[in-house]
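# Analysis of the macromolecular model
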Amino acid sequence: MTEYTDFHAPEGLRTRGTVLVVPGRGETRATYTRLGRRLAADAYRVRVVGAPDLDADGLSGALTRFGDRLAAAAEDAAGDEDGFVRPLVLVGADTGAAAVAALLGRKDAPSAVLPDAVVLAGIPGTAAGPVGDWEDELDVRTACPAHRGTLTGDTGIRRGALDEAVPEALLTAAYGGDIDVPVLLLTGDADPLADREALVRTAKSLPRARLSVVRDAHHDVLNDMQHRSVAAEVVTFLETVRNELVPVVTVDSSAW
C-alpha cells in the first residue's frame, strides 16, 4: 500500500506549488480527499502523508523521524530531475499542525524539509478535556454532514483519538517555537479544544504570521461546514506566498 495520497493539477496547467498535508489524531489520508482535490483544482500538487507518530518519551527523536518523512515525501513528489515545484507549503491539522510547528521551531530543523510557508489548522490547547463517545467526538470535530459521513464510514479512523493526551512537550514546542517562514494559523471559534489566547500570543510572537478565525467552525476547521471559505483562505495564502507576501487582491472600498 502506498504511504501517500496524491492530487495533481489539471492536465495542461503549470503546477503552482507543492502542498504536503499532515493529518492529526485518529485521521487517515482519506480525511483530506476533499481538500486535496480542491487545492489541486487550483493547480497545486498536493500530497497527503500519514499522521505523525509522536512519542511523549522521545519527542526529539520522533520529530527528527517526522522531518525525514516529510523530506522524503517532498522529494518523491518531484516527478522529474528538477525537484519539486516551489513554493513548498506544509499544511497540518490538530497534532499534525503541532508537529509541523514544533519541528520548524527547532534550532536544528532539518534543512531538507524547510518549507516556504506553513498552514497550522486546529492546534489543540493544553487544557482540552475528555471528548466522550463517537457521537460526541463527531460534534467536537464538525457539523458538516458530508465530513461526518466520511469519518464514520472510514474504517481506518481511530475513534476516541481526540481523548488521547497531546504530549505537553509537543504543545510547548509548537506554541513557543521560532518559525521564520510565513504562517497561516486557522482555528474555529466553536472549537472546544482550541486555546485562543495561546494562538493569539503565538501569532504575535512570529515575524510573519496571520491568525484567521472561522465563524462557527469546530475542531476540524479544514473540513467543517465552512470548508469552501477555508479552502479559499488557504489558496489566497498560497497565492500571496507566491507573490512574496504581497496580497494579490486588496479591498479599496466596501459597504459591508
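Everything quoted here is computed from the prediction, not taken from an experiment. (Residues numbered from 1 in each chain as written. Predicted model: local features only at pLDDT ≥ 70, side-chain atom pairs only at ≥ 80, totals over all residues. Heavy atoms only, no water.)

Leu170, Leu171, Ala174 and Tyr175 are the residues of helix H6 (residues 168–176) that are buried. Down the axis of H6, the sector holding all buried residues measures 120°, keeping them to one side. Summarising the geometry of H6, the exposed residues directed more than 90 degrees from the buried face are Glu168, Thr172 and Gly176. If you follow the buried residues of H6, they end up packed against helix H2 (59–76), helix H3 (95–105) and helix H7 (196–205). (Buried < 20%, exposed > 50% of the residue type's maximum accessible area, 1.4 Å probe, protein only. Helix = DSSP H or I, 4+ residues; strand = E, 2+ residues; numbered from the N terminus. Arc of directions from axis to C-beta. Contact = heavy atoms within 4.5 Å.)

By the secondary structure assignment, aspartate 68 is in helix H2. C-alpha of aspartate 68 to C-alpha of alanine 43: the two residues are 25 residues apart in sequence and 26 Å apart in space.

Another aspect to go through is the layout of surface pockets. The space that makes up the largest pocket amounts to roughly 330 Å³. For the largest pocket, the lining is made up of 15 residues, of which Arg210, Thr236, Phe237, Thr240 and Pro247 are closest to its centre. Breaking the lining of the largest pocket down by element, the ones donating at least two residues are strand E6 (183–188), strand E7 (209–214) and helix H8 (227–242). For the lining of the largest pocket, the element with the most residues is H8, which contributes five residues. Taken together, the residues that form the lining of the largest pocket break down as nine nonpolar, two polar and four charged. For the second largest pocket, the lining is made up of 13 residues, of which Arg25, Pro52, Thr95, Arg158 and Glu164 are closest to its centre. For the lining of the second largest pocket, a count of residues per class yields six nonpolar, three polar and four charged. (1 Å grid on protein atoms, 1.4 Å probe; cavity = no way out; pocket = protein on both sides within 12 Å on 5 of 7 lines; lining within 4 Å. Points joined across faces, edges and corners; volume = space filled by probe spheres on them. Nonpolar A, V, L, I, M, F, W, Y, C, P; charged D, E, K, R; others polar.)

Per the stated rule, a full pass over the model turns up 13 salt bridges. Note that aspartate 94 and arginine 25 form a salt bridge whose closest N and O atoms lie 2.8 Å from each other. A residue pair is termed long-range when its members are at least 10 positions apart, and aspartate 94 in the loop between strand E4 (88–93) and H3 and arginine 25 in the loop between strand E2 (18–22) and helix H1 (33–41) qualify at 69 residues. For the pair aspartate 94 and arginine 25, a shared accessibility class is recorded, and that class is buried. The shortest N-O distance in the salt bridge between arginine 158 and glutamate 164 comes to 2.3 Å. On the basis of relative accessibility, which here comes to 41%, the residue arginine 158 falls in the partly exposed class. (Salt bridge = Lys/Arg side-chain N within 4 Å of Asp/Glu carboxyl O.)

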